[in-house]
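# Tertiary structure, described
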Amino acid sequence: MNRRLVVAAAIVDSLDRPARLLAARRTRPADIARRWEFPGGKAEPGEHPHEALHRELHEELGVTVTLGHELPGPDDGAWIITERHVLRLWLATLTSGEPAPLVEHDELRWLDAGSLWDVDWLDGDVRIVKELSLRLRESSGAS
């Protein structure tokens, strides 16, 4: 089965020593509304993943970012998030703009390692959050 590529960013406060992560709460579709995700969206056919991610972050949050390294997933380097979608995720920091929930989100929240699980993540993002949780704890020196 060919899955549609979704690109997303784990927007953090620092690429070198991330301590906080930006999460976005969805407004639609109804079956996933009010659940949290990494900002991003579907890549268009023929669109380079980096270009798609920059476009999506500008449309959804009104920001530009600097991309860090990709967080490869266990599913051939990506993360299978639904039966129809595969996600590629990059760490990123804000370059310009103040994040605002412009499209498909109604709230944004900065989370630190101790509050990552205070929100109800989309099922497909849970194992990614677990991986990022380890990285945030290592960066902050938490045990």
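Nothing here was measured: the structure is a model prediction, and the numbers come from that model.

## What to know about the sheet that holds strand S3 (residues 36–37)
Sheet architecture is open: 3 strands sit in the order S3-S2-S8, paired in antiparallel fashion. The strands lining the two open edges of the sheet, one partner per strand, are S3 and strand S8 (105–112).

## A look at the confidence of the model for the protein chain
Put simply, the protein chain has an average pLDDT of 93, and 96% of its residues get 70 or more. When pLDDT is averaged over each helix and strand of the protein chain, the minimum, 83, is found for helix H2 (residues 126–140) and the maximum, 98, for S3.

## Regarding the pairing of strand S2 (residues 20–26)
Among the 7 residues that make up S2, 6 are buried, leaving the element largely enclosed by the rest of the structure. The pairing of S2 with S3 spans 2 bridges and is classified as antiparallel. Residue Ala24 lies in a different strand from S3, and its bridge partner there is Glu37.

## Concerning the pattern of salt bridges
Close approach of charged atoms allows side chains of opposite charge to pair. Here the structure, examined in full by the defined rule, presents 16 salt bridges. Taking the shortest distance from any N to any O, the salt bridge between Asp13 and Arg20 comes out at 3.9 Å. Here Asp13 falls in the partly exposed class, since its relative accessible area comes to 35%. Of the charged contacts in the structure, one is a salt bridge between Arg35 and Asp120, with a shortest N-O distance of 3.2 Å. Pair noted here: Arg35 is in the loop between S2 and S3 and Asp120 is in the loop between S8 and H2, with a separation of 85 residues, a long-range link. Looking at Asp120, the relative accessible area reads 44%, which means it is partly exposed.

## What to know about the packing of aromatic side chains
A complete count under the given rule lists 1 aromatic pair for this structure. The lysine or arginine in question, Arg20, covers the ring of Trp110, its NZ or CZ lying 4.6 Å from the ring centre.

## Some thoughts on the side chain of Glu56
Relative to the helices and strands, Glu56 is located in helix H1 (residues 49–61). Residue Glu56 is classed as buried on the basis of its relative accessible area, which comes to 10%. At 3.0 Å, the side chain of Glu56 and the side chain of Arg55 are in polar contact. In this structure, Glu56 is in contact with Gly40, Gly41, Lys42 and Leu61, ignoring residues within four places of it in sequence.

## Description of H1
The end-to-end C-alpha separation of H1 is 18 Å, in line with the 18 Å expected for 13 residues at 1.5 Å each. Looking only at H1, the buried set comprises Pro49, Ala52, Leu53, Glu56, Leu57, Glu60 and Leu61. Projected down its long axis, H1 carries its buried residues within an arc of 125°, all on one side. Contact partners of the buried residues in H1: strand S1 (4–11), S2, strand S4 (40–42), strand S5 (64–70), strand S7 (85–96) and S8.

The rules we used
Residues numbered from 1 in each chain as written. Predicted model: local features only at pLDDT ≥ 70, side-chain atom pairs only at ≥ 80, totals over all residues. Heavy atoms only, no water. Pairing = 2+ DSSP bridges. Helix = DSSP H or I, 4+ residues; strand = E, 2+ residues; numbered from the N terminus. pLDDT = per-residue confidence, 0-100. Buried < 20%, exposed > 50% of the residue type's maximum accessible area, 1.4 Å probe, protein only. Salt bridge = Lys/Arg side-chain N within 4 Å of Asp/Glu carboxyl O. Phe/Tyr/Trp six-rings, centres within 6.5 Å; stacked < 30°, edge-to-face > 60°. Lys NZ or Arg CZ within 6 Å of the ring centre and 35° of its normal. Polar contact = N/O pair within 3.5 Å; in protein donor to acceptor, adjacent residues only side chain to side chain. Contact = heavy atoms within 4.5 Å. Expected span 1.5 Å × (residues − 1). Arc of directions from axis to C-beta.

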